[in-house]
Amino acid sequence: MSYLHKYEIDKKYSKSVAYFSMEFAIHQALKIYSGGLGFLAGSHMRSAYDLKQNLVGIGMLWSYGYYDQNRDEDRYLKIEFRRKRYYFLEDLNVTVSVDINGKPVYVRAYLVPSELFNSAPLILLSTDIPENDYLSRTITHKLYDSNTETRIAQEIILGIGGTKVLEELKYNPDVYHMNEGHSLPMAFELYKKFKDIEEVKKRVVFTTHTPEAAGNEEHDINLLNKMGFFSETSLEEVRTITGVEGEKFSLTVGALKISKIANGVSKIHSDVANEMWNFVDERCDIISITNAQNRKYWTDKGLLKALDEHEDFELEARKKHLKRLLFDEVANQTGKMFDPDILTIVWARRFAEYKRPGLLKHDLQRFEDMINNQKYPIQIIWAGKPYPFDAQAINIFNELNYMARSYKNIAVLIGYELDLSMKLKKGSDIWLNTPRVTREASGTSGMSAAMNGAINLSIADGWHPEFCREGINSFTIPTEGRGLSIEEQDRLDNKNLMDTLENKIIPLYYDNKKEWLNVKKNSISDVIPAFDSGRMVHEYYTLMYNK
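Please read all numbers here as calculations on a predicted model, not as lab measurements. Each chain carries its own residue numbering, running from 1 in the direction its sequence is written. The predicted nature of this model means local features are confined to residues of pLDDT at least 70 and side-chain atom pairs, given and counted, to a pLDDT of 80 or more, with totals for whole chains, interfaces and linings taken over all residues. Hydrogens and waters are ignored; side-chain quantities use all the structure's heavy atoms.

> Can you tell me about the packing of helix H14 (residues 364–371) against helix H19 (residues 486–511), naming the residues and giving the values?
Taken N-terminus to C-terminus, the directions of H14 and H19 make an angle of 20°; their axes are 11 Å apart at the nearest point. In terms of their interaxial angle, H14 and H19 are classed as roughly parallel. Note that H14 runs across H19; the crossing there is left-handed. The segment H14 lies against H19, with Arg366, Phe367 and Met370 engaging Lys495, Met498, Asp499, Leu501, Glu502 and Ile506. Its residues assigned to classes, the contact of H14 with H19 shows five nonpolar, no polar and four charged. Note on geometry: axes are lines fitted to C-alpha atoms, helical ones only across the stretch in contact, with angles between N-to-C directions running from 0 to 180 degrees. For the purposes of this entry, the term helix denotes a DSSP run of H or I that reaches at least four residues, the term strand denotes a run of E that reaches at least two, and both are numbered from the N terminus. Any angle from 65 to 115 degrees is called roughly perpendicular, while one under 35 is roughly parallel, one over 145 is roughly antiparallel, and all others are oblique. For any pair of crossing helices, the crossing counts as left-handed if the nearer helix is rotated counterclockwise from the farther one by less than a right angle, and right-handed if it is rotated clockwise. The contact definition used throughout considers only heavy atoms, calling two residues in contact when any of these lie within 4.5 Å. Note that Gly is not counted as nonpolar here; it falls among the polar residues with everything else outside the nonpolar set of Ala, Val, Leu, Ile, Met, Phe, Trp, Tyr, Cys and Pro and the charged set of Asp, Glu, Lys and Arg.

> Could you give an account of the pairing of strand S6 (residues 103–112), naming the residues involved and the relevant values?
Burial runs high along S6: seven of the 10 residues are buried. Pairing between strands requires that DSSP locate at least two bridges from one strand to the other. Bridge count between strand S5 (residues 90–100) and S6: eight bridges; the pairing is antiparallel. The residue bridging Ile100 from the neighbouring strand is Lys103, located in S6. Linking S5 to S6, which pair antiparallel, is a turn of two residues; within it Asn101 sits at a positive phi near 55°. Across five bridges, S6 lies against strand S7 (residues 122–126) in antiparallel orientation. Each residue of the ladder has a partner; that of Ala109, found in S7, is Leu125. To sort residues, take the accessible area from a 1.4 Å probe on protein chains only and compare it with the maximum for the residue type: under 20% means buried, over 50% means exposed, and anything in between is partly exposed.

> Account for empty space enclosed by the protein, naming residues and giving values.
Cavity: a set of points on a 1 Å grid over the protein atoms alone where a 1.4 Å probe fits but cannot get out. Pocket: an open set with protein on both sides within 12 Å along at least five of seven lines, its lining residues, like those of a cavity, having an atom within 4 Å of a point. Grid points are joined across faces, edges and corners, and a volume is the space filled by probe spheres set on the points. The full count for this structure, using the stated rule, is two cavities of 30 Å³ or more. One number sums up the size of the largest cavity: a volume of about 60 Å³. The wall of the largest cavity is formed by Lys31, Tyr33, Tyr64, Gly65, Tyr66, Tyr67, Asp68, Lys84, Lys385 and Glu417.

> Could you give an account of the environment of Asp390, with specific residues and numbers?
Mapped onto the fold, Asp390 is located in the loop between strand S15 (378–383) and helix H15 (391–404). Accessibility expressed as a relative area gives 25% for Asp390, which makes it partly exposed. With 123 residues separating them in the primary sequence, Asp390 and Lys513 have C-alpha atoms 42 Å apart. Polar contacts, as used here, are pairs of N or O atoms within 3.5 Å; protein pairs need one atom able to donate a hydrogen and one able to accept it. Residues neighboring in sequence count only if both atoms are side-chain atoms. Within the structure, the side chain of Asp390 is placed 3.2 Å from the backbone nitrogen of Gln392, a separation counted as a polar contact. Of note is the side chain of Asp390, whose polar atom sits 3.2 Å from the backbone nitrogen of Ala393.

> An account of the sheet that holds strand S17 (residues 430–433) is requested, with residue identities and associated values reported.
Read across the sheet, six strands follow the order S16-S15-S14-S17-S18-S19 without closing on themselves; strand pairing throughout is parallel. In this open sheet, the two strands that pair with only one neighbour each are strand S16 (410–413) and strand S19 (474–477). On average, each strand axis in the sheet is inclined to that of its neighbour by 20°, with strand direction left out of account. Bridge count between S17 and strand S18 (residues 455–459): four bridges; the pairing is parallel. Paired with Asn433 across the two strands is Ser458, which belongs to S18.

> Hey, could you go over unusual backbone geometry for me, with residue numbers and the actual values?
Phi angles above zero are rare outside glycine, and Lys52 is one such case at about 55°. Locating Lys52 in the fold gives a position in the loop between helix H1 (36–50) and strand S2 (55–60). Owing to a relative accessible area of 26%, Lys52 belongs among the partly exposed residues under this scheme. Positive phi, normally seen in glycine, also occurs at Glu180, with a value near 75°. Here Glu180 lies in the loop between strand S8 (175–179) and helix H5 (185–194). Of the residues examined, Glu180 reaches a relative accessible area of 3% and is grouped as buried.

> Let's hear about the nonpolar core: which residues, and what values?
Grouped together as the largest cluster of nonpolar side chains are 105 residues, with contacts concentrated most on Ile123, Leu184, Phe249 and Tyr545. Looking at this core, the element that brings in the most residues is helix H4 (residues 148–168), giving eight residues. In contact with Phe249, other than residues within four places in its own chain, are Leu184, Glu217, Glu218, His219, Ile221, Leu224, Phe229, Phe230, Val238, Thr242, Val244 and Gly254. We call a set of buried residues a nonpolar core when its members are Ala, Val, Leu, Ile, Met, Phe, Trp, Tyr or Cys and they connect through side-chain atoms within 4.5 Å of each other.

Laid out in structure tokens, this is it:
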């Protein structure tokens, strides 16, 4: 047991691992995450704690977090950056120096102790300390800063700063795990130490999370070199190690060349990733370890108890109670009173164009007919945070918000963080997922929704095909999107979505309560063994760390 761990390590998981991630969603009070990547990392840390694994997280202490999502006087999205202070962190009394642009930047390390939130120990790095000048202090101000050089500096701090902090703490991991390519400078810092790329590869593994360009960063290789991204490795050596010949350097390509093994986060995604990166010579294998969520954290215990004891009446009553708790939040934010007896559809996740938050209303007349149906009424809730500098995503959010003004049964909520996410997953009847096909790597929000008796209605992408038993535990939106224009794909997917809602789901909810209850029960019971993150973190040890 290392002094960082307050628990006895299970011998099955004795190999020491440092898990590097730009964001972690550990607790509502610790606002250092933006979305799915952080939610996944949070569940990884919780399950590593549950299984008593020898794992330490390395992340960033963002002074202003991602951003605070509010409304302006006209109720449109208002983005605010407010400084956060965390008195529950432990100062590790460790400061290291990292060279950025040829000058030293000082990095202070803080600890989220394992017993605080029942997670593996998490070390957070900050440059926002008195030893630095103002510019250096801003490096750890905002998660995913829009300035390119600041973004690169953040990656240098995470990778090189994190590695140096571990050395200073005399903690020498057997495995360095890059959760996305942000921490790639860590591998070059290790190369500086070992002088042998094969020695580095023995220790480094990599998880790629998305086929989206935004998740697979590219930067000018000369700028990276100038800023110190490659530690003390010469540009000539970098090109030799990574095979990158041009002026653009892909963090994902670099990670695939320097790791012993990599994984995609669902079976479909690993196939997409292998095809996407098949041009990279001598890259590591990309296997599949499907993402998962921590059931102890996410699942309502009352629902589980009722399911285990075969108390159908209690299960229904508990679900209705959870809907009321969500609807209290709806009323508080919007002044609208939702009815717990009415079918409630929730679309909630990071707002991005490819996730198509507005697909449901693509055919506006058909959408209005459904919204106004008195025989089969429905309620719809949208929630999620757009990237604060993505004008397109912000416009989509504001457009939905404007539309919602005209309907008492449509709500758009703000403040999509852990607590609101929990309420939405526990209080929804249908969890809607509408990404463009092949562009959703995993989609873990649907897992924690299913754990709480929400029924997934999803495009057949990410984790969904591994889980779905059509009409038994969830529903699939048929898609013919591959190879079609965006306009035609949206038209067809909307038609299939509306057909599924109108012909299957809505009549089932109102006309066949017994069968609806069976689907709900199957949703809970089917998701928990396979998509609990205990399975996932065990697979990381058996399939990657111990290889």
